Amino acid sequence: MSQSKNDEILHDHNHDGIDRRGFLKCMAWAGTGALCVMQGGVLKSYSMSRMNEWNAAKMGGELSFAQISDSHMGFNKPANPDVAATLKAAVDKINALSAQPEFLLHTGDISHLAKPEEFDTVDQILKGAVAKEVFFVPGEHDVIGDDGQQYRDRYGKGTKGAGWYSFDKKGVHFIGLVNVVNLKAGGLGNLGGDQLDWLAADVKQLKSSTPIVVFAHIPLWSVYPEWGWGTDDSAQALSYLRKFGSVSVLNGHIHQIMQKVEGNVTFHTAMSTAFPQPQPGKADSPGPMKVPAEQLRSVLGITDVNFVRGQHALAIVDSQLA
Amino acid sequence: MKAKVARIGLVALVIGLAATLTTVGRVGGVGAQEKVPAGVAVKIDNFSFGPATVTVPVGTTVTWTNRDDIPHTAVSSDGVFKSKVMDTDDKFSFVFSKPGTYPYYCTIHPKMTGQIIVQ
């Protein structure tokens, strides 16, 4: 905590971690980055300009993993004609982290059109990561045409239903949810009754002190429903997680960093490795945002997450590709 | 009497229209005997169907064209028609042979909705 005061923004909201009026919303748009440390009910965020002073070793983190998202392999339009190159750059960025993540999370839109060769290319590039274990959830682009059968054949072995699952790493309980299948006309992302029932049962036996990390493609909070950036039944899912002292929700889909802390839940969306999308309502549609070629890698990136046991601290560090 | 005259007038109009269409077909290189189907276009632009509501006579072919950089689908909410995924500039056509209202949406971006009203 040797940050200078100039670079430190301390949001001291609900000390008890329960009062929902202590709602805090902080956003960091594409092209910027922030490091967030949550301790008790207090979120501290630090600007990216001092990020090089932070690493897992310094923070004493016991579990480190990296999130990548929205690689959209197969996309070849002017916003980014070479999404394979930028995914490779993301893997290089992860490999260069001072503390190697134990595994990777990919929060969906692995492919652009769910073509076998698109998945093959991503698999090949991810083999270049030092971290050998990768956990996936599908994006809406990965389930095109077959409701996700091919996705599940490739990435969903041992998962339930449309591909949801949970696992434990060093005492942290990870839950991968699927909110991109059986979408209803006019609706948002959707988890569905079967998945919600499974989630309720999955967390029922866990102690409330167990740190929870939930990951899914479409945000599990209402970012901008006008563009479909939300999940219709996410509130019910989150209601099952109220008893836990530390819940982190990691999403993709919107190709930019957004963060929100509400009570004991920290929400975070990651940058894409393929192309940026506009800020909510700042364009006619959420279509790919074109930026000058030399700026592209400053709006793409990866997310590095560190968990510190005992302090209930979770540090989320977003890094641009360049 | 009056109604009959009107009907004859309509028939003449239809024949006239058919002749025009046939001419257009010839100009476009289509064989003289082929009929050019009456069609209506729906453009997919900026994550929306335009026009969102289209009213057409029975037998009309509706053709969707995706002008976005992102793939979309056009799928009937009632299972009547289902496009394959349309990447940029891909098209999908469906002939509406029965009267009715056909709501549809993009299964990838379900906020995108539209309807075809067939009379």
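Residues numbered from 1 in each chain as written. Chains lettered and ligands numbered in written order. Predicted model: local features only at pLDDT ≥ 70, side-chain atom pairs only at ≥ 80, totals over all residues.

**Let's talk about the overall build of chain A**
Regarding its fold elements, chain A presents six helices and 15 strands. Within chain A, counting contacts between residues at least 6 apart in sequence, those at least 24 apart form 71% of the total. (Helix = DSSP H or I, 4+ residues; strand = E, 2+ residues; numbered from the N terminus. Contact = placed C-beta atoms within 7 Å.)

**With respect to the overall build of chain B**
When helices and strands are counted, chain B shows one helix and eight strands. Helices and strands in chain B line up, N terminus first, as α-β-β-β-β-β-β-β-β. Of all 119 residues assigned to chain B, the portion counted as buried reaches 24%. (Buried ≥ 20, exposed ≤ 12 C-beta atoms within 10 Å, placed from the backbone.)

**Observations regarding the pairing of strand β7 (residues 133–136) of chain A**
All names here are of chain A. Bridging between strand β6 (residues 103–106) and β7 involves four bridges; their strand directions are parallel. Pairing of Leu-104 across the sheet is with Val-134, part of β7. Handedness of the crossover joining β6 and β7 through helix α3 (residues 116–126) is recorded here as right-handed. (Pairing = 2+ DSSP bridges. Right-handed = clockwise from strand over helix to strand, strands pointing away.)

**Comments concerning helix α2 (residues 83–95) of chain A**
Over its 13 residues, α2(A) runs 18 Å from end to end, which matches the ideal 18 Å to within 8%, given 1.5 Å per residue. All of the buried residues in α2(A) are Val83(A), Ala84(A), Thr86(A), Leu87(A), Ala90(A), Val91(A), Lys93(A) and Ile94(A). (Expected span 1.5 Å × (residues − 1).)

**Section: the interface of chain A and chain B**
Counting residues at the interface gives 18 residues for chain A, matched by 19 residues for chain B. A breakdown of the residues in the side of chain A that touches chain B according to their chemical character gives eight nonpolar, six polar and four charged. (Nonpolar A, V, L, I, M, F, W, Y, C, P; charged D, E, K, R; others polar.)

**Brief notes about the sheet that holds strand β8 (residues 113–118) of chain B**
Residues and elements named next belong to chain B. With mixed pairing, four strands are arranged side by side in an open sheet as β3-β8-β7-β5. The sheet terminates laterally at β3 (53–56) and β5 (75–76), the two strands that pair on one side only. As defined by bridge partners, β5 adjoins strand β7 (residues 100–105) across two bridges and the pair is classed as antiparallel. In the sheet register, Val-75 faces β7, and the bridge partner there is Tyr-105.

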